[in-house]
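Here is what each chain is made of, one letter per residue.
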Amino acid sequence: MKNIILLGPPGAGKGTQADLICNLCSIPKISTGDMLREAVASGSDFGKKVSHILDTGGLVSDEIIGSLIQDRLTKPDCVNGSLFDGVPRTLGQATELASMGIEFTHVIEINVDDQMIVNRMSGRRVHPGSGKNYHIDFNPPLNEGIDDETGDSLIQREDDKPETVLKRLTVYHDQTKPLSEFYINESSNSDLKYFTVDGSQSVEKVFQDISSQI
Ligand code: AP5
């Protein structure tokens, strides 16, 4: 059983590494960002409610995230564990996940400095159907602007505008970064393994560093 949390700033490469780790460990990815974007794309009332928060780089409430996760964990594919990509993002969410009885085995923090993140975001392209990420220079699709698997067109995310990226970084430093200390403390009192990786390296090297520890 592996329940893994991926921590790190926006654009650190969490989604990119999440896909590789899920393949390696045969566990599903639980990405609250992907779930929220799907809701927005569906045009549902819930999607309309959260759309502005995503576009402007704020955080959706802890209550909403708690119920999304609770619901997702009832699906049978989570039986051998899950990879939590971009959740928890606040101390409130971390407490809520703990109260659901999830026993985390690994917390992996991917570190990348803010300037590199701003540069990365401008080149990101996404497949809206699967959430798969590319970068025009560092991780390009086989054919420009086209998803490798489906042949669908890739898009740029609304929240990858430079001013929104800066807002997301501020939110990250204020509300999410304190989780490092929270999980370092947890790891000293339990079997949880917490480690950091240098996310400024190539995608392959970051994955090598992660896979050697899980
Ligand atoms: P979410 O989708 O989770 O966004 P994020 O955490 O800001 O992370 P990103 O998806 O932007 O980046 P990433 O770390 O996954 O990097 P990626 O692999 O794409 O959340 C979006 C929004 O939803 C939030 O702002 C919030 O509003 C809401 N939300 C979501 N979860 C929430 C929660 N729990 N609570 C409240 N609100 C929530 O890589 C980035 C780019 O770099 C790509 O182009 C990639 O190809 C490239 N790249 C990756 N690795 C490398 C590398 N090693 N070298 C060079 N390029 C690389």
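These lines cover the structure that appears in this document, whether it is placed above or below. (Residues numbered from 1 in each chain as written. Predicted model: local features only at pLDDT ≥ 70, side-chain atom pairs only at ≥ 80, totals over all residues. Heavy atoms only, no water.)

### With respect to the sheet that holds strand S7 (residues 193–198)
Read across the open sheet, the 5 strands follow the order S2-S3-S1-S4-S7; overall the sheet is parallel. Where the open sheet ends on each side, the last strands, each with one partner, are strand S2 (29–31) and S7. Geometrically, the sheet is characterised by an average inter-axis angle of 20 degrees between neighbouring strands, direction not taken into account. With 6 bridges connecting them, strand S4 (residues 106–111) and S7 associate as parallel partners. For Glu109, the partnering residue across the bridge sits in S7 and is Thr196. Helix-sheet contacts for helix H9 (residues 203–211) involve S4 and S7, and the interaxial angle to S7 is about 160 degrees. (Pairing = 2+ DSSP bridges. Helix = DSSP H or I, 4+ residues; strand = E, 2+ residues; numbered from the N terminus. Axes fitted to C-alpha atoms, helices over the stretch in contact; angles between N-to-C directions. Contact = heavy atoms within 4.5 Å.)

### A look at the pattern of salt bridges
Scanning the model with the defined rule gives 12 salt bridges in all. For Lys161, the salt bridge goes to Glu158, with nearest N and O atoms at 2.7 Å. Residue classification places Glu158 among the partly exposed residues on the basis of a relative accessible area of 41%. (Salt bridge = Lys/Arg side-chain N within 4 Å of Asp/Glu carboxyl O. Buried < 20%, exposed > 50% of the residue type's maximum accessible area, 1.4 Å probe, protein only.)

### Some points on the site of the ligand
In the region of the ligand, 36 residues are neighbours, and Thr16, Gly58, Arg89, Arg124 and Arg168 sit closest. In the environment of the ligand, a nitrogen atom lies 2.8 Å from a nitrogen or oxygen atom belonging to the side chain of Thr32. Here a nitrogen atom of the ligand and a backbone polar atom of Gly86 are 3.3 Å apart. Taken by itself the ligand offers 1,000 Å² of open surface, and the protein chains cover 97% of this. Broken down by secondary-structure element, the contributors of at least two residues to the shell around the ligand are helix H1 (14–25), helix H2 (32–42), helix H6 (114–122) and strand S6 (133–135). Sorting elements by how many residues they give to the shell around the ligand places H2 first, with 4 residues. Class assignment for the residues of the shell around the ligand results in 13 nonpolar, 15 polar and 8 charged. (Near = heavy atom within 4 Å. Polar contact = N/O pair within 3.5 Å; in protein donor to acceptor, adjacent residues only side chain to side chain. Areas by Shrake-Rupley, 256 points an atom, 1.4 Å probe, with all protein chains shown as cover. Nonpolar A, V, L, I, M, F, W, Y, C, P; charged D, E, K, R; others polar.)

### A look at the packing of H6 against helix H7 (residues 162–176)
Two elements in contact, H6 and H7, have axes whose closest approach is 10 Å; the angle formed by their N-to-C orientations is 140 degrees. Between H6 and H7, the interaxial angle falls into the category oblique. Crossing handedness for the pair H6 and H7: right-handed. For the pair formed by H6 and H7, the contact residues are Asp114, Ile117, Val118 and Met121 on the first element and Val165, Leu166, Arg168, Leu169 and His173 on the second. Taken together, the residues of the contact of H6 with H7 break down into 6 nonpolar, 1 polar and 2 charged. (Parallel < 35°, antiparallel > 145°, perpendicular 65-115°, else oblique. Left-handed = near helix turned anticlockwise from the far one by under 90°.)

### Considerations on the environment of Leu166
Tracing the sequence through the fold places Leu166 in helix H7. According to the relative accessible area criterion, Leu166 is partly exposed, its value standing at 49%. Distance from Leu166 to Ser122, taken between C-alpha atoms, is 12 Å for residues 44 residues apart in sequence.

### Here's the deal with the packing of aromatic side chains
Following the criterion strictly, the structure yields 2 aromatic pairs and no others. Seen in terms of ring centroids, Phe182 and Tyr183 are 4.9 Å apart; in terms of plane orientation they differ by 90 degrees. Their pairing is edge-to-face. Exposure remark for Tyr183: the relative accessible area of 3% places this residue in the buried category. (Phe/Tyr/Trp six-rings, centres within 6.5 Å; stacked < 30°, edge-to-face > 60°.)

### Observations concerning the layout of surface pockets
Within this model, the second largest pocket holds a volume of roughly 350 Å³. Lining the second largest pocket are 18 residues, and of these Arg37, Glu38, Ala41, Ile155 and Arg157 sit closest to its centre. Mapped by element, the contributors of at least two residues to the lining of the second largest pocket are H2 and helix H3 (45–55). Take the lining of the second largest pocket: its biggest share by element is 5 residues, from H2. When its residues are assigned to classes, the lining of the second largest pocket shows 6 nonpolar, 5 polar and 7 charged. (1 Å grid on protein atoms, 1.4 Å probe; cavity = no way out; pocket = protein on both sides within 12 Å on 5 of 7 lines; lining within 4 Å. Points joined across faces, edges and corners; volume = space filled by probe spheres on them.)

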